[in-house]
Amino acid sequence: MAVLEIQTNDAPVLRQKAALIQEIDADLHPFIEDMFETMYEAQGIGLAAPQVGVSKRIIVIDIEKHHPEYPRIALINPVLTLTVGEELGEEGCLSLPGVRGMVRRSAMVKVEGLLPNGNKIEFDAAHLMARVLQHEIDHLNGILFTDLLRPEDQELLETGPESCEKSGDENEDSLHGNK
Ligand code: NI
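Residues numbered from 1 in each chain as written. Predicted model: local features only at pLDDT ≥ 70, side-chain atom pairs only at ≥ 80, totals over all residues. Heavy atoms only, no water.

Colleague: Explain the packing of aromatic side chains to me, please; I cannot follow it from the model alone.
Modeller: Here a ring pair, both rings aromatic, is described through the centre-centre distance and the interplanar angle of the planes. Throughout the structure, instances matching the rule amount to one aromatic pair. Centre to centre, the rings of Phe36 and Tyr40 are 6.1 Å apart; their planes meet at 25°, and the pair counts as stacked. Here Tyr40 and Phe36 lie together in helix H1 (residues 28-41), a separation of four residues that amounts to about one turn. You can call Tyr40 partly exposed: its relative accessible area is 36%. In this arrangement the basic side chain of Arg72 is found over the ring face of Phe36, its NZ or CZ atom lying 3.6 Å from the centre. (Phe/Tyr/Trp six-rings, centres within 6.5 Å; stacked < 30°, edge-to-face > 60°. Helix = DSSP H or I, 4+ residues; strand = E, 2+ residues; numbered from the N terminus. Buried < 20%, exposed > 50% of the residue type's maximum accessible area, 1.4 Å probe, protein only. Lys NZ or Arg CZ within 6 Å of the ring centre and 35° of its normal.)

Printed below as a string of structure tokens:
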């Protein structure tokens with residue numbers, strides 16, 4: 001396994017629409033493990049393949065420490081099939097060091113995709129898990145959370161070191177958004 005280099009700021013790959021995975025081949029599994037390792041090394045809770053320079057539709061998420069109802073997951077070709085409600089919550093991004101903002105997201109989503117073993121999965125997610133899924137799937141479409149900021153929401157932002165993609169025990173409450 002290896003820690004991969006995280007692409008930041010104006011890296012063109014962050015603005016590309018990532019390609020569908022047509023075939024889950026043997027190379028994909030070590031790459032996904034590298035994505036997890038890279039995410040953990042950066043103390044993140046979510047990572048999309050374009051963030052490590054690979055323009056393919058793969059995301060990894062691990063919020064299990066705070067939300068054991070959502071075991072860590074890697075999703076291939078994830079698609080949101082339903083979005084419900086709206087919730088304002090704080091986010092950051094491993095690709096945008098030092099930037100945080102209040103982002104409006106759907107409060108609940110239904111997502112479908114493929115697991116690394118090739119099995120199809122569909123599940124509902126709420127609050128932080130819904131937020132991270134939306135954030136990571138946006139990465140697959142070249143969208144960064146800063147594209148979604150509304151000036152009127154930003155006054156709610158408190159100062160602090162954590163963010164949506166950055167995890168931290170001491171700041172666990174603010175990872176939840178405003179549920
Ligand atoms: Ni991000």
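Okay, back to it.
Colleague: Sorry if this is basic, but what is going on with H1 here?
Modeller: Along an α-helix, residues three or four apart share an orientation, since each turn contains 3.6 residues. Compared with the 20 Å implied by 1.5 Å per residue over 14 residues, the 20 Å span of H1 between its first and last C-alpha is a close match. Listing the buried residues of H1 in full gives Leu28, Phe31, Ile32, Asp34, Met35, Phe36, Thr38 and Met39. Against strand E1 (46-48), strand E2 (58-61) and strand E3 (73-84) lie the buried residues of H1. Following H1 by one or two positions, Gln43 adopts a phi angle in the positive range, close to 55°. (Expected span 1.5 Å × (residues − 1). Contact = heavy atoms within 4.5 Å.)

Colleague: Honestly, the sheet that holds E2 in this entry has me stumped. Any pointers?
Modeller: To summarise the sheet geometry, strands pair through backbone hydrogen bonds and adopt either a parallel or an antiparallel arrangement. Taken in spatial order, the five strands of this open sheet run E1-E2-E3-E6-E7, and their pairing is antiparallel. Each edge of the sheet is formed by a strand with only one pairing partner; in this case those strands are E1 and strand E7 (120-126). Averaged over all pairs of adjacent strands, the angle between their axes in this sheet comes to 40°, without regard to strand direction. Bridging between strand E6 (residues 108-114) and E7 involves seven bridges; their strand directions are antiparallel. Bridging across to E7, Gly113 finds its partner in Ile121. With respect to the sheet, H1 is in contact with E1, E2 and E3, its orientation differing from that of E2 by roughly 45°. (Pairing = 2+ DSSP bridges. Axes fitted to C-alpha atoms, helices over the stretch in contact; angles between N-to-C directions.)

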